[in-house]
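Architecture at a glance
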Amino acid sequence: MKGNTQKSFEPVWFLKKNAVPVFFLILCIIGGYYSGLSLPFLLNEIITRIGRNSILVISLIIPILAGMGLNFGIVLGAMAGQFAYIATTNWQMSGLNGLLVTLVLSIPMAILFGWLTGLLFNRAKGKEMITGIILGFFANGVYQLICLYFMGNLIPIRVKSMLLSTGIGLRNTIDIKSMHYALDNLWKIKIKIPGFIFPIAIPVVTLLLIAAVCLLIRFIVKTKLGQEFRAVGQDRHIAEVAGIQVDKVRGLAVIFSTVLAAIGQVVFLQNLGNINTYGSHVQVGTFAVAAILIGGASVRKATIGQALLGTLLFHTLFIVSPLAGKNLIGDAMIGEYFRVFVTYGVIGVALALHAWQSLQEKKRAFNAT
Amino acid sequence: MSRPRLEMKNISKEYFGNQVLKSVNLTVGDGEIHALVGENGAGKSTLMNILFGMPVIHNTGGFNGTVLVDGRPVQINSPEQAMSEGIGMVHQEFMLLPGFTVTENIKLNREITKENWASKIFGKKLESLDFIRMREDARKAIKRMDLDLDEMLPVAGLPVSFMQFVEIARELDKDNLKLLVLDEPTAVLTESEADTLMSVMKKLAKEQGISILFITHRLDEVIEVADNITVLRDGEVVAELAAKDASVELLAELMVGRKVQIRPKSHKASSATEVAMTIENLYVDMPGERVRGLSLEVMKGEILGIGGLAGHGKIGVANGIMGLYPARGRVEVKGYGEIKLNSPISALKSGMAFVSEDRRGTGLLLDESIELNIAVQAMQSQNKFLTKGLVKIMDRKSIREHANKMIKELDIRCVGPHQLVRRLSGGNQQKVCIARALTLEPSILFVSEPTRGIDVGAKKIVLDLLVELNQKLGMTIIMTSSELGELRSVCDRIAIIYQGRLEGVLPVDASDKEFGLLMAGELSHHRKEAS
Amino acid sequence: MNNNNGANKSFIDRLKEIAAGFGLARSIILIFLVFLVVLALFLKLPMDQILSSVLARFGMNGILVLAMIPTIQSGTGPNFGLPLGISCGLIAAVLSIELDMRGFEAFLFAVGLGAVLGGVSGYLYGLLLNKVKGQEMTVGTYFGFSTVSLMCIFWFLAPFKSPEMIWPYGGNGLRVTIALQDRFDKVLDNFLSFSVLGVKVPTGLLLFFGLFCLLVWLFMRSKTGVALSTVGANPRFAESCGLSVDRYRIIGSVVSQALAAIGIVVYAQTFGFIQLYMAPLFMAFFAVASILIGGATLKRATIWNAIIGCFLFQSILVVSMPVANVIVADNLAEVVRIIISNGIILYALTRREIGGDVR
């Protein structure tokens, strides 16, 4: 019995298989048109957002591969990144130096947080996603506790401008101007477009970093560990019978994801130039999950291409919705609300589809005996 | 003369006081195909679990006896150890990952890897997979079976028979394979697929010297492919014979016959003239126990037994009529006319009740009280135990009173009617199930595997109870059981199901041989040959 | 029959049994509450105000917590899709203002219409849940979020005219918060209320909550309610009793969302404001946490779980705020609320149920 011969490219089949990204592409095009933004401006914004968000979205891939669904717990990785920034800002570090230290510092914290997350996920097998969602809220509470009451208190802060007027608790916004664009500006290629003031700026090093992360993921998948991820992701029982240490492998997948999320958040914030102490990390999980789903991934299958495509589509929608809403209906708020609805709705639909498909599979397996 | 490949000597095992294997001896020579047959519960799986070092054995007190490989005593405490001794096992449920290729499944957790920059820092787990060498090995293993199969195909699209071959290839790939255990390999195969498998088995055994231990229910396959046969019954070896000396009827007889005291019936055989239920051409889609056109008449006031080999559909009959599994056909109950199939409520409203074989799954609410378990079914289908008046809520008082009555009558050993059913012993749980069925005041009672998983003392009590119900209340009882002896001790007549159809009905005093013949479907075979 | 055991058990054993029955998590919560109360007394905080607050919050959140029972008992887990029923209740409340109703009339209208809308939405939600068996919590959460954001668009575009509800200087849509002072603010709370030792007892509110506790209790004990609980306990057993698993799961959802709609109207009348837009986003989580604190599990919940849990949870919130204000700084209450409520849900998600399989 031999393999299939190459299917010729059929447009209908292609559309059906990639329905979700195609749908959102159309949505983006419509939104882009009605937003009234110029193409170079739009391109600039898109490139910037891809640069700063991709790694966060890519961090979701390995847990999907390992059968744990959408890791809403990457919020904890983002928190690790923010704690690292708080430290380096406190030590008044700056520039590339500061950024590198932040990166390195975030990793051990992310490993710890990822390990804890993994423990919880292993105790809630089959319920990893809801556990991740709730864990995100819980961790956020603990994070707020630390930032509001321990910073300046149990944890001494030298730079007084970071603290609230009472001397205890971090301010709502922490300035990291000293490390702003530390990565992006290392090498920027500017393309001038005739007729427009601003050139299109491409942050090469950042994009190279993203490429490196992509290559890293591809590399890992082709190792023994990667094979174990994939085996555990398909069937925990069979993997266990074959001798694979299922719990350990799942834990490693989560740690990996959390560390990438930490790195992703560090890259994200260096582009923003400031940290919204109590808010920057909160939506990380939701946005990354929505993005990868829009790119065509599912709860059980995700590729690097889908992560990148999804980042592109999701953030384009982000940019154009408010303006399109204003131009179409007369109020930017409609666009805002629409965007929020789409974000939540996409995730809801993907989750429902996954649950329904799992049910169908179980039924089929049961009847085959 | 060299020692045989495998010897299992005087293997005994008990689970919580239940003797599951008693001094079992099994010998398999080099390149021999040895068949192991026996009913469900005979001990085959336990014996294989011992051979393969499965944790369930060691977590429950280990076993007695010795295992020798090539004459050498071995201690097998884990599947890994079994594999290192050259024992490979293909389980009944497929252990294949559908999203992996044939190669990846063959090499699962035994992949060939190469060092790289990451593995030097972080360890062996990050070594790269060497797909080229893995594919080579996979091709070699497949070639040993003389099959045409592309090792790069994903397993998901393969036909079921080829999945079986991939499992075998995986075992063959283990260099030191000496003994291959196949657990019901043909259960899901068509006849022609099974033929292919059997020729592969012969090839591996005769040309490559691999010993094969082959567990199956399909007796005709045993005759065709095996060299020697061991028959297990109730944890004991009842026969060891060469395949050339065996026949299908003989094997069936050996599997189910049992020395049993046929209790003298204190009541005369029911004056069975009135028909209580007519079953015509019943088909039931119960996975593993499919009914394929059963027609049968049940007489009023009798205890009718339904027996047959596992997988032939006897369990499906009651489940289908009671609406728990999809069914079609015609069932008519006296006094109610033709009843609607696929509707549990119709069955319940037609004077029927069911004590399921799946006691803990379908039969009970384990985390609820005895009294609630007894009352719920009647409450929902017959509106019993509800208060009168405008607002109908559950009448706790009448539920408790009734439960106390049942506890007394059926002698259910418990702390009180409020006790959680989970805490009761198997026998008492079964009594709760019977109490629940009785609360419906049925005219026909289906009971499936009434004494499964119950200790010896309680078995008799449950059976006596059924006889008493029949004698005192004149209740028609249809009892399905894998234990022929149990059926013969309690029933008036016994119907034998073969391949989903009625093979025949025998009186209880018919000989073992006659039962064996029916169970092996000899009548059908003769009819086929005659036509 | 071993009846002697009761007498022979030592005091310690019985204490252990009670503690085990009460649950580790609940014990911790209870100890924490006692600790806070002691601290409050020590700091000479106005206990009468605190107690009044506890009673009010207990009554105003109670029905929202009751809404968890039908879905948990029918096997669909805690109703994370509560925002759906809540939105129905909000529509009804807003409509009552638009139709210029006041006082009890407005309140009862909102409750009645809300219940009907909630019930219908519960039916549709139940259909969805039946298609996603096994992942009800996750799907419900995001369904709830989507509903809230969709409703934002609705509040924004809906053609309401009542001047109390729209922006005074033009601008689209309803206001974010709508005051109820002239409408049905505290109609229940003030009904037959009295003060004792400085503590204001919102009699009407507590009676209303008590009424619904009774109604839910009666429902769960009716033939339908017993069927519902049976379906959740063991679907195969329920089928063998002739019950349709899908049907009772839908009934559970209908009752739950109807209660949610009623619950939010009660909540608004005590609070004095109707909160639209993103306000209901996280309300489900607090209700889930409350019933879990009360001793419920993801599969079994009783009226007592709802009552005790709501009381404990609201007490901690109320007492912790002034205590924290004195000791540390303000805003702690919000953080405490997040940590406790999500912590308890996390605990419920990750504990090994007895007899359950850890797949």
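All residue numbers here refer to positions counted from 1 along the written sequence of the relevant chain. Chains carry letters and ligands carry numbers; both start at the beginning, A for chains and 1 for ligands, and go up in the order they are written. Only residues with pLDDT of 70 or above have their local features reported here, since the model is predicted, and side-chain atom pairs are shown and tallied only from 80 upward, although totals for entire chains, interfaces and linings are computed over all residues. Neither water nor hydrogens contribute to the side-chain values; these are computed over all heavy atoms in the structure.

This part is about the interface of chain C and chain B. At the interface, 23 residues of chain C touch 29 residues of chain B. Buried area: the sum, over both parts, of the accessible surface (1.4 Å probe) that disappears when the two are put together. Summed over both sides, the interface of chain C with chain B buries roughly 2,200 Å², with 59% coming from carbon and sulfur. Considering only the side of chain C, the residues that lose the most area to chain B are Arg-221, Lys-223 and Phe-237 of chain C, jointly responsible for 31% of the buried surface there. One speaks of a salt bridge when a side-chain nitrogen belonging to Lys or Arg is within 4 Å of a carboxyl oxygen belonging to Asp or Glu. For the interface between chain C and chain B, the tally reads 1 salt bridge. Arg-300 of chain C is paired through a salt bridge with Glu-368 of chain B; the nearest N and O atoms lie 3.3 Å apart. As used in this structure description, the phrase polar contact means that two N or O atoms lie within 3.5 Å; if the pair is within protein, one of them must be able to donate a hydrogen and the other to accept it, and residues adjacent in sequence are counted only when both atoms belong to side chains. Between chain C and chain B we count 8 residue pairs in polar contact (both at pLDDT 80 or more) in total. Think of it this way: any DSSP run of H or I at least four residues long counts as a helix, any run of E at least two long counts as a strand, and we number them from the N terminus. Among the elements of the structure, α10 (203-221), α11 (223-233) and α12 (235-240) of chain C are those that each provide at least two residues to the side of chain C that touches chain B. Ranked by the residues each element gives to the side of chain C that touches chain B, the list is headed by α11 of chain C, at 5 residues. Class assignment for the residues of the side of chain C that touches chain B results in 10 nonpolar, 8 polar and 5 charged. Whether two residues touch is decided by their heavy atoms; if any such pair falls within 4.5 Å, the residues are in contact. Residues are sorted three ways: Asp, Glu, Lys and Arg are charged, Ala, Val, Leu, Ile, Met, Phe, Trp, Tyr, Cys and Pro are nonpolar, and all the rest, Gly among them, are polar.

All names here are of chain A. Any two of the Phe, Tyr and Trp rings considered here, Trp counted by its six-membered ring, make a pair once their centres fall within 6.5 Å; the pair's planes then place it as stacked at under 30 degrees, edge-to-face at over 60, or tilted in between. For the structure shown, the criterion picks out 32 aromatic pairs over all chains. Aromatic pair Phe-23 and Phe-24: ring centres 5.2 Å apart, planes at 85 degrees, arrangement edge-to-face. For Phe-23, a relative accessible area of 48% gives the class partly exposed. With a centroid separation of 5.2 Å and an interplanar angle of 45 degrees, the aromatic rings of Phe-83 and Tyr-143 are classed as tilted. Partly exposed residues are those whose accessible area sits between 20% and 50% of the maximum for their type, while under 20% is buried and over 50% is exposed, using a 1.4 Å probe and protein chains only.

Below, the discussion takes up empty space enclosed by the protein. Both site types are read off a 1 Å grid over the protein atoms alone. A 1.4 Å probe that fits but cannot get out defines a cavity, while an open set with protein on both sides within 12 Å along at least five of seven lines defines a pocket; lining residues have an atom within 4 Å of a point. Grid points are joined across faces, edges and corners, and a volume is the space filled by probe spheres set on the points. By the definition in use, this model includes 3 cavities of 30 Å³ or more. Computed from the structure, the largest cavity encloses a volume of approximately 70 Å³. Around the largest cavity, the lining residues are Met-322, Leu-324, Phe-354, Ser-356, Thr-362, Gly-363, Gln-377 and Arg-436 of chain B together with Ser-240 of chain C. Considering only residue class, the lining of the largest cavity consists of 3 nonpolar, 5 polar and 1 charged. Computed from the structure, the second largest cavity encloses a volume of approximately 50 Å³. Around the second largest cavity, the lining residues are Leu-90, Ile-264, Tyr-267, Ala-268, Phe-273, Ile-274, Gln-275, Ala-279, Pro-280 and Met-283 of chain C. Every element with two or more residues in the lining of the second largest cavity is listed here: α13 (245-271) and β4 (273-275) of chain C.

All right, on to the sheet that holds strand β16 (residues 327-333) of chain B then. All names here are of chain B. For two strands to be treated as a pair, DSSP must find no fewer than two bridges joining them. One open sheet accounts for 4 strands, arranged β14-β13-β16-β17; its pairing is antiparallel. Each end of this open sheet is capped by a strand with a single partner; those strands are β14 (291-299) and β17 (337-338). Relative to β14, strand β13 (residues 275-284) runs antiparallel, the two sharing 7 bridges. Residue Leu-282 lies in a different strand from β14, and its bridge partner there is Leu-294. Helix-sheet contacts for helix α11 (residues 314-321) involve β13, β14 and β16, and the interaxial angle to β13 is about 105 degrees. To define axes, lines are fitted to C-alpha atoms, for helices over the stretch in contact only, and angles between the resulting N-to-C directions are given on a 0 to 180 degree scale.

All names here are of chain A. The contact between helix α5 (residues 74-90) and helix α6 (residues 95-123) brings their axes to 7 Å, and the two run at 140 degrees. Here α5 and α6 pass one another in a crossing that is right-handed. Contact with α5, carried on its side by Leu-76, Ala-80, Gly-81, Phe-83, Ala-84, Tyr-85, Ala-87 and Thr-88, involves Gly-98, Leu-99, Val-101, Thr-102, Leu-105, Ser-106, Met-109, Ala-110, Phe-113 and Thr-117 of α6 and no other residues of that element. When its residues are assigned to classes, the contact of α5 with α6 shows 12 nonpolar, 6 polar and no charged. By the definition used in this description, the sense in which the near helix is turned from the far one sets the handedness, with an anticlockwise turn below a right angle giving left-handed and a clockwise turn giving right-handed.

Glancing now at the interface of chain C and chain A. Each partner contributes residues to the interface: chain C has 44 residues there, and chain A has 40 residues. In total, about 3,800 Å² of surface goes out of reach between chain C and chain A, with carbon and sulfur atoms giving 75% of it. One can count 0 salt bridges joining chain C with chain A. The tally of links between chain C and chain A comes to 4 residue pairs in polar contact (both at pLDDT 80 or more). Elements that contribute at least two residues to the side of chain C that touches chain A include exactly α7 (103-131), α8 (136-157) and α16 (332-350) of chain C. Looking at which element gives the most residues to the side of chain C that touches chain A, the answer is α8 of chain C, with 13 residues. In the side of chain C that touches chain A, the residues fall into 27 nonpolar, 11 polar and 6 charged.

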